[in-house]
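Fold and contact review
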There are 4 protein chains.
Amino acid sequence: MKDVQGERDSRNISIDRVGISDISWPIQVLDRENGTQETVADVSLSVLLLKDHRGTHMSRFIEVLAKQEKRVTLRNMEETLTALKERLNANEAHAEFNFPYFITKKAPVSGAKGRLRYDVSFRASLKENDFDLVTELIAPIQTLCPCSKEISEFGAHNQRAHAKIEVRMKEWMWIEELAEIADSCGSAPIYSILKREDEKAVTELAYANPRFVEDVVRELAIVFDKDIRVTWFRVSVTSHESIHNHDAFASVERSKV
Amino acid sequence: MKDVQGERDSRNISIDRVGISDISWPIQVLDRENGTQETVADVSLSVLLLKDHRGTHMSRFIEVLAKQEKRVTLRNMEETLTALKERLNANEAHAEFNFPYFITKKAPVSGAKGRLRYDVSFRASLKENDFDLVTELIAPIQTLCPCSKEISEFGAHNQRAHAKIEVRMKEWMWIEELAEIADSCGSAPIYSILKREDEKAVTELAYANPRFVEDVVRELAIVFDKDIRVTWFRVSVTSHESIHNHDAFASVERSKV
Amino acid sequence: MKDVQGERDSRNISIDRVGISDISWPIQVLDRENGTQETVADVSLSVLLLKDHRGTHMSRFIEVLAKQEKRVTLRNMEETLTALKERLNANEAHAEFNFPYFITKKAPVSGAKGRLRYDVSFRASLKENDFDLVTELIAPIQTLCPCSKEISEFGAHNQRAHAKIEVRMKEWMWIEELAEIADSCGSAPIYSILKREDEKAVTELAYANPRFVEDVVRELAIVFDKDIRVTWFRVSVTSHESIHNHDAFASVERSKV
Amino acid sequence: MKDVQGERDSRNISIDRVGISDISWPIQVLDRENGTQETVADVSLSVLLLKDHRGTHMSRFIEVLAKQEKRVTLRNMEETLTALKERLNANEAHAEFNFPYFITKKAPVSGAKGRLRYDVSFRASLKENDFDLVTELIAPIQTLCPCSKEISEFGAHNQRAHAKIEVRMKEWMWIEELAEIADSCGSAPIYSILKREDEKAVTELAYANPRFVEDVVRELAIVFDKDIRVTWFRVSVTSHESIHNHDAFASVERSKV
């Protein structure tokens, strides 16, 4: 059967990225408490296509994915890309895994335990032998408005917000550590289960700790600026304002190298 | 050219609904303040297909839609369906229009004006001569938790919530009236623009007016139960809890006929 | 601490459904080939609230959910609802679980194996002792247009489509069986991995087997009409037309009792 | 009333971007055929916040937006950013408008006219006096697989695809021109209305013109490489493969300066 993808191309244009996207796949990731965690990822895999080749072989991406599904971790992302490069005969390979990740948190007073969903991405590239990995965590947190608290006789508007942390690491950090940092920088953490005594504690904590998105993003920047395991970071906060139908956001990006 | 859709079908199965969906189209709707408002709708149009016919003629749905785009209103929904029935030779026709609708609201103290987005649906059916129309409004509102206020020494968690109002009317109601009802049933309304004096007013109003989703949905039910223009309603409230990463919701449906 | 939710309500309105929604939770479901499968669900849980009670206790829903996570199956859905009714002191309870489900399929010629994602929902209610369960599967399939094939000198437009199957069963059916029925009713099945010989086979199969959405939905209706394990069904097909930017759809609902 | 946002900040961290996002707003854009077109945009506006200032004044973003809503065009994007910089006392400002845009297209044989939805973004920045604008168009097109055509005895799988074109211009290009380029690079254009003679023409055109995503992206790159009005471009194609439940994609980015 003719290999149409394998034809020679004369248009003289290399393609930065060609591959598959929006594929859903069950994966296993590393979990600090339990060793591993099963989840479902939205995956994208691609390679550089040199100018002489008409097409890539799309089914091979799935073959590589199928082999890696039990080991989609920060630790073997480079191995996945090496496998892609080899199977596709490519000089560069890229992979992106986006998945929900669950951390069991204890309510602050009762200690009631419940799972909380975080959204995690691994975005990795391997160009020749140059490996790059960005790890992203989106964490739900609470923000309480300092202005509203200051000017109002009682109460203060507060809301669910999302902190997005993107980092390049030179030393290992657990997803759980990133989540703890997010929790420490908002007005209060968020939980899936809160008994009445916990709800009181969380309400009072947030009121005692008012933070604009500008405050949260600066607190996050301070932490990652100091953390020597991180060489680059971008932190952003999106607050789903309870008094508006739109969001307030702030972001800071810094490279330390 | 052969009319494959027009072939006789022997499978003996009539099809409840066949047509087009997920089509985006600019439309003009009625606006209480400004006469009309231009917006963009997600549209679905369908008909009943009798058991003898293999298929319907999909391009005719677009033709009917194109003719109605400047008049997608509560008042001419029946006319749209009559046109569909005739053009498609059908005994029943259905239409659904979902679109953003903007209402200019004044901030409570400064009077600063800003547009606020609502989401509206018209869902209409015409079976023989029996016309049915459900109008839906999704309105952003604020809820402040009565329990959190009661048990905490200061503050109370609050958040953006959405009230969904679905009604069958026997007399005209403006979209703006439905939005005003939503505003009156939450802890406080939501605005796109609030100056500092407004933020103070809204914060204090919400704190003075704590409401569970259960409270909001009951207040909505009381209003529509009394309003003689409405023959059926379903009201629901979804509160994007600021202390959780999930929502609280409540719904009530009542027919008055 | 005061139990605000437990207050007596005088508004005289019972609430059809009150609970939690849009909560993400890892669950384990039954898998015909492998015994069980780990996945992540979007969950909604609710109860009927009688008119005398101001509110429900939201944290208890999470407690019930946490206990059931390893056993979210068709077989124990009634048990989950019984637990909800008891824990919430309610006369009625409702649960909805929506989750991706993966089935490993073999390519038709090469036999290459790959996982394919389906979307499944369980929607269950328990009113007094009356248990109701609707199982829904959304399956990707291919449709090839009979009209386009008939009138064109070569080729025929085809596209990804989704078959949605909703059933009430009186006897057990595997999710895998519903998926096989969907595959048998389209122009051709869909796979995650196809080698060149498979791509040839699938292309030719679809061309030999042209189907309008009207055809697919009737084929589905015939199957479920005959299957004595099913007491009610609603089948619909949405085809993401490759020549348009909108979808064609058709749906049939039948009760056999 | 105290100006909390105006407080001095001692954390020594400037914030790259702070502002509002996910705000929906009706806007008017330029239309080659009709002068202007009303649509609804999802908007994000932000500024750089210097290290000495605790917060920005969020309500001012809405004030600037409200003044520009009738003139959101490529031509006045710089003016909008200048207004933002002045109103917010900022050295840098950023704006992003994402909106549906409708182009009326004529079916290739019958000449039947129908609107087709495109998705457009303007992403603009003004740093000191350095203005930058990226215009993005996402256009639905059709792709027909060259491999499937070559190896199959009859038929060839085809599907809806999306071409994304991002450009920096030094001379004006209409959105309509970008859409025409997208149409010229796929296997066939997409229409909202096609009569039977049109469906035949489009089916045969696609079959005569098979293109991988690799082919489409190269054709796009050739056009923009030659067009002297463009100084930078990134083109990508995502094809919703009809034989799979995932997408194939390819992208090329080139700077000409």
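Numbering of residues begins from 1 in every chain and follows the order in which that chain's sequence is written. Naming scheme: in the order in which they are written, chains are lettered from A and ligands are numbered from 1. Predicted model: local features are reported for residues with pLDDT of at least 70 only, side-chain atom pairs are reported and counted for 80 or more only, and whole-chain, interface and lining totals are derived from all residues. With hydrogens and water excluded, all non-hydrogen atoms of the structure serve as input to the side-chain values.

Contacts were defined at the residue level, with two residues in contact if any of their heavy atoms lie within 4.5 Å. Counting from both sides, the interface comprises 27 residues of chain D and, opposite them, 27 residues of chain B. Where chain D abuts chain B, roughly 2400 Å² becomes buried across the two surfaces, and 62% of that area is made up of carbon and sulfur atoms. Each of two parts loses accessible area, computed with a 1.4 Å probe, when they are put together; buried area is these two losses added. For chain D, the biggest contributors to the area lost against chain B are M1, R115 and R196 of chain D; these three give 25% of the whole. By convention in these notes, a salt bridge is any Lys or Arg side-chain nitrogen within 4 Å of a carboxyl oxygen on Asp or Glu. Our count for the contact surface shared by chain D and chain B stands at four salt bridges. One salt bridge in this structure joins R196 of chain B and D3 of chain D, with 3.9 Å as the shortest N-O distance. Two N or O atoms form a polar contact when they lie within 3.5 Å of each other; inside protein one atom must be a possible hydrogen donor and the other a possible acceptor, and for residues adjacent in sequence the pair counts only when both atoms belong to side chains. Taken together, the links from chain D to chain B amount to ten residue pairs in polar contact (both at pLDDT 80 or more). Mapped by element, the contributors of at least two residues to the side of chain D that touches chain B are β1 (15–31), β2 (35–49), α1 (58–68), β3 (92–106), β4 (113–127) and α5 (196–208) of chain D. Each residue is assigned to one of three groups, with Ala, Val, Leu, Ile, Met, Phe, Trp, Tyr, Cys and Pro labelled nonpolar, Asp, Glu, Lys and Arg labelled charged, and all others, Gly among them, labelled polar. Its residues assigned to classes, the side of chain D that touches chain B comprises nine nonpolar, six polar and twelve charged. Under the DSSP-based scheme used, a helix requires at least four consecutive residues in state H or I and a strand at least two consecutive residues in state E, with every element numbered from the N terminus.

The criterion for an aromatic pair is that two Phe, Tyr or Trp rings (for Trp, the six-membered ring) have centres within 6.5 Å, with stacked assigned to planes under 30 degrees apart, edge-to-face to planes over 60 apart and tilted to the rest. Counted according to the given criterion, the structure contains 16 aromatic pairs over all chains. Ring centres 6.0 Å apart and planes at 35° place the aromatic pair F224 of chain B and F233 of chain B in the tilted group. Across the pair, exposure class does not vary: F224 of chain B and F233 of chain B are buried alike. Here, over-ring charges are defined by two tests on the NZ atom of lysine or the CZ atom of arginine: distance to the ring centre within 6 Å, and angle to the ring normal within 35 degrees. K149 of chain A extends its terminal NZ or CZ atom over the ring of Y207 of chain A, reaching a point 4.6 Å from the ring centre. Buried means the residue's accessible area, taken with a 1.4 Å probe over protein chains only, is under 20% of the maximum for its type, while exposed means over 50%, and partly exposed covers the values in between.

We now examine the relation of the copies chain D and chain B. The atoms used to superpose the copies are C-alpha atoms, taken from residues with pLDDT of at least 70 in both, and the fit is least squares. For these two chains of identical sequence, chain D goes onto chain B by a turn of 180° and a shift of 0.0 Å along the axis, with RMSD 0.0 Å. In the structure described here, the two chain copies are related by an operation that fits a two-fold rotation axis. Take the interface residues of chain D: 100% of them recur as interface residues in chain B, which is what a same-surface contact looks like.

Moving on: the packing of helix α4 (residues 175–185) of chain C against helix α6 (residues 213–226) of chain C. How two helices pack is summed up by the angle between their axes together with the distance between the axes. Residues and elements named next belong to chain C. Simply put, an axis is a line fit to the C-alpha atoms, just over the touching stretch for a helix, and the angle between two N-to-C directions goes from 0 to 180 degrees. Remark: α4 packs on α6, axes separated minimally by 9 Å, with the N-to-C direction vectors making an angle of 135°. When the interaxial angle is binned, α4 and α6 end up oblique. α6 is crossed by α4, and the crossing has right-handed handedness. The segment α4 lies against α6, with L178, I181, A182 and C185 engaging V216, E219, L220, V223 and F224. Per-class residue counts for the contact of α4 with α6 are eight nonpolar, no polar and one charged. Each angle gets one of four labels, with under 35 degrees taken as roughly parallel, over 145 as roughly antiparallel, 65 to 115 as roughly perpendicular, and the rest as oblique. Crossings are sorted by hand: turned counterclockwise from the far helix by less than a right angle, the near helix makes the crossing left-handed, and turned clockwise it makes it right-handed.

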